[in-house]
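# Residue-level structure breakdown
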Amino acid sequence: MKLLVLLAALVAVATCTETFVGHQVLRVIPRSHEELHKVQELQHLEHLQLDFWLAPRGLGVPVDIRVPFPSLQAVKAHLEAAGVSYSIMIEDVQALLDEEQLEMLRSSRQLPLDTDTFNYETYHTIDEIYAFLDLLVAENPNLVSKLEIGRSTEDRPLYVLKFSTGGSNRPAVWIDTGIHSREWVTQASGVWFAKKIVQDHANNEGVASILKTMDIFLEIVTNPDGFAFTHSTNRLWRKTRSRHAGSICVGVDPNRNWDAGFGDAGASGNSCSETYHGPYPNSEPEVKSIVDFVKSHGNIKAFISIHSYSQLLLYPYGYTSTPAPDHQELDELAAKAVAALSSLYGTKFEYGSIITTIYRASGSTVDWTYNQGIKYSFTFELRDTGRYGFLLPAKQIVPTAQETWLALKVIMEHARDNSD
Amino acid sequence: SPAMELPPSHFPAARAAAVAVGYLRYLRGGPGRGLELRELRRARRQDIDDVGHKYYLELELEDVLDKDRRVSCTAEVLYHLGSTSCAPEVQVTVQGELRSTEEADQEFYNRIRSLEKELVAENIPDSHGNVPPELEPLHLLAWVASGYVIWQNSTENTKFHLAQVKHVKQVKRNDEDLQFDYVLLLHEMVSQEVLPWQVTVLWHPQHGARVSQ
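What you are looking at is a predicted structure, and each value in this text was computed from that prediction instead of being measured.

### Focus on the sheet that holds strand S6 (residues 157–163) of chain A
All names here are of chain A. One open sheet accounts for eight strands, arranged S5-S6-S8-S7-S9-S12-S10-S11; its pairing is mixed. Looking at the sheet topology across the chains shown, the edges are occupied by strand S5 (144–151) and strand S11 (350–353). The mean angle between the axes of side-by-side strands here comes to 20°, regardless of whether they run parallel or antiparallel. Of the strand pairs in this sheet, strand S10 (residues 312–315) and strand S12 (residues 376–382) are connected by three bridges, and their pairing is antiparallel. Looking across to S12, one finds that Leu-314 is bridged to Thr-379.

What follows is the structure in structure tokens.
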């Protein structure tokens, strides 16, 4: 929106005296304090006649600079000498004005300037989601921070957002989405949850009360290699992208790789299978990083892992038909959560233990977290029930996230009120 | 032995329901009608000695193009012992009327017959779940094809859904039928596998669909 106003202003000016032939708009996203400093230096070089459409605000936040043609070489040299990367957002400002292509700037594929202009109603790439994380942190530095808990097989960072109003090692809730990469509505919902937490806090409603005494950890792209693969190559890829010695095929099912009944019935020992458990528990860095995080945190009270599809809310166990010791409480809590979810759009969810409701599954996430003592361990399977399956239409993202959030709040509130 | 009540919310019953829905899509679906399961109301299972397991189901369906109407059905699904080799036996009774598709069927038939170039399409829905409106009839015809495949290939331990139409190609014929060669991707819930399946569908407004794998 701001770009349009600025361009409109330029149109007004251009019709009077100035011309913008050859002017370029460069975008820099400072990734370090050194880089930020370099960009800020430019602001003091008045002879360059730079016009900052977006002034430097902080790390990870875009800086947009309209550079007059005579200054282009100097500015680019200044940035390149310091190793600061930039992109050319507008190659020739005058050409843009001449063609009256103000509409180009409305394109949804432009990088959003902030989390208010981010489009929650569409599916995004990993770069777009990672940029969103940085924007959210930059806009809410007192509430949100980004933790790197590890790196994937293909060396992508594994990022977790921490939402905290203070304290030290407060009791916490963990939510992850996208552990199975083809379940796109989950990552998309995770992005929506992140924004929702920030909004609730700002408006002192919803989860604001939970944040008074608890922290929330949210890992949105839990399987980034798989997610990148669903964009580049195979939309229906589920597993990680690891290659293990002796394995013919690529990838391990990250929801069979946990140390709970590992390798028992309910997972496959065949690397080509979609439920391949991997060579040993936690062989996958995507899994190990969470295991390490949970163990070192030591104070997680609720752990919720989000999948799609089938419209189910599940609790342990999957690897054994022995009921979990807390199954009655978990069942009652699931009933409440599902009722809350359903209250919004009438979406019907079933609930129960993994093994009785869906099928036997060994080495699953919440069986491990439950056995670690995290009583409120749940797995969601979001919309739908098979009509679109993994290919859920984008217009269902926000309704899905909204209804799921109501169920998550029920679980979080119960965890807060029932933890010692 | 007597029939045992099953929780309709749990997968063993849901698997049998998926077979019944597949069978019904094959029998009654078409480019103008797609049947979807709204709710499994009731499920019972009977173990018949030397024969197999029989499921008795009460289902509520909807026609995705006629959503306000509720369609109630009863179904029986018999999985034969050692059932990996033969298809489950299915019987379905639909209560009441389904919306007529005569007009839509004829319009689709005429449109395809009048195409100069054979129709080709892929990735229905696309990665974002979109189906262009002009491809919706082909999408629903894929439900007919996948319904047949699901019925023919299900066992008590599988639950299939159509994940995506990977590819569809029209093949012009000298007779009156329309022919579409599909590559379907079927998602099997228990193994989580996505299996490609080649299917040919012959369709005619008055003769309905015939499917061959």
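The discussion continues.
### What to know about the nonpolar core
A general trend in soluble globular proteins is that nonpolar side chains are found buried together. Residues Phe-163, Trp-174, Ile-220, Phe-378, Phe-380, Trp-405 and Leu-408 of chain A are the most contacted members of the largest nonpolar core, which totals 103 residues. Here this core gets 10 residues from one element, more than from any other, and that element is helix H13 (residues 397–417) of chain A. Here Leu-408 of chain A is in contact with Ile-175, Phe-193, Ile-304, Ile-306 and Phe-380 of chain A, once residues within four sequence places are set aside. Core analysis: the next-biggest nonpolar cluster, separate from the first, contains 60 residues, Val-19, Leu-59, Ala-121 and Leu-138 of chain B among them.

### A look at the interface of chain B and chain A
At the junction of the two partners, chain B supplies 28 residues and chain A supplies 30 residues. Summing both partners gives a buried area of about 2400 Å² for chain B against chain A, and 52% of it is carried by carbon and sulfur. The interface formed by chain B and chain A includes one salt bridge. The closest approach of N and O atoms between Glu-39 of chain B and Lys-348 of chain A, which form a salt bridge, is 3.9 Å. The tally of links between chain B and chain A comes to 10 residue pairs in polar contact (both at pLDDT 80 or more).

### Considering the state of the cysteines
Residue and element names in this part refer to chain A. Summed over all chains, the structure comprises one disulfide over all chains. Bridging Cys-249 to Cys-272, the disulfide has an S-S length of 2.0 Å. Taking the torsion about the sulfur-sulfur bond, which here is approximately 80°, the covalent link between Cys-249 and Cys-272 counts as right-handed. Taken together, the positions of Cys-249 in the loop between helix H8 (224–232) and helix H9 (285–297) and Cys-272 in the loop between H8 and H9 put the pair 23 residues apart, joining distant regions of the chain. Relative accessible area serves as the criterion here: at 25%, Cys-249 is assigned to the partly exposed category. A relative accessible area of 36% places Cys-272 in the partly exposed class.

### Some remarks on the UniProt feature "domain: Peptidase M14" (unreviewed entry) in chain A
Using the residue numbers shown here, the UniProt feature "domain: Peptidase M14" (unreviewed entry) corresponds to residues 122–415 of chain A. A distance of 32 Å separates the end C-alpha atoms of residues 122–415 of chain A, which is 38% helix and 17% strand.

### What about the UniProt feature "domain: Cystatin LXN-type" (unreviewed entry) in chain B?
Residues annotated in UniProt with the feature "domain: Cystatin LXN-type" (unreviewed entry) correspond here to residues 2–103 and 120–213 of chain B. When the span residues 120–213 of chain B is considered, its composition is 19% helix and 47% strand, and the gap between its end C-alpha atoms is 19 Å.

### What to know about the side chain of Thr-186 of chain A
Mapping Thr-186 of chain A onto the fold places it in helix H6 (residues 184–203). Once residues within four sequence positions are removed from consideration, Thr-186 of chain A is found in contact with Thr-177, Gly-178, Ile-306, His-307, Ser-308 and Leu-382 of chain A.

### Description of the domain arrangement of chain B
All names here are of chain B. The assigned domain composition of chain B is domain 1 (4–95) and domain 2 (101–212). The C-alpha centroid of domain 2 is placed 20 Å from the C-alpha centroid of domain 1. Taken together, the 28 residues of domain 1 in the interface contact 25 residues of domain 2. Contact with domain 2 buries area across many residues of domain 1, yet Arg-15, Tyr-26 and Pro-31 alone supply 33% of it, more than any other trio. Remark: the boundary between domain 1 and domain 2 carries four residue pairs in polar contact (both at pLDDT 80 or more).

Rules and cut-offs
- Residues numbered from 1 in each chain as written.
- Chains lettered and ligands numbered in written order.
- Predicted model: local features only at pLDDT ≥ 70, side-chain atom pairs only at ≥ 80, totals over all residues.
- Heavy atoms only, no water.
- Pairing = 2+ DSSP bridges.
- Helix = DSSP H or I, 4+ residues; strand = E, 2+ residues; numbered from the N terminus.
- Axes fitted to C-alpha atoms, helices over the stretch in contact; angles between N-to-C directions.
- Core = buried A, V, L, I, M, F, W, Y, C linked by side-chain atoms within 4.5 Å.
- Buried < 20%, exposed > 50% of the residue type's maximum accessible area, 1.4 Å probe, protein only.
- Contact = heavy atoms within 4.5 Å.
- Buried area = accessible area lost by both parts, 1.4 Å probe.
- Salt bridge = Lys/Arg side-chain N within 4 Å of Asp/Glu carboxyl O.
- Polar contact = N/O pair within 3.5 Å; in protein donor to acceptor, adjacent residues only side chain to side chain.
- Disulfide = S-S within 2.5 Å.
- UniProt positions renumbered as here; feature names shortened; annotations may be inferred.
- Domains from an automatic or database assignment.

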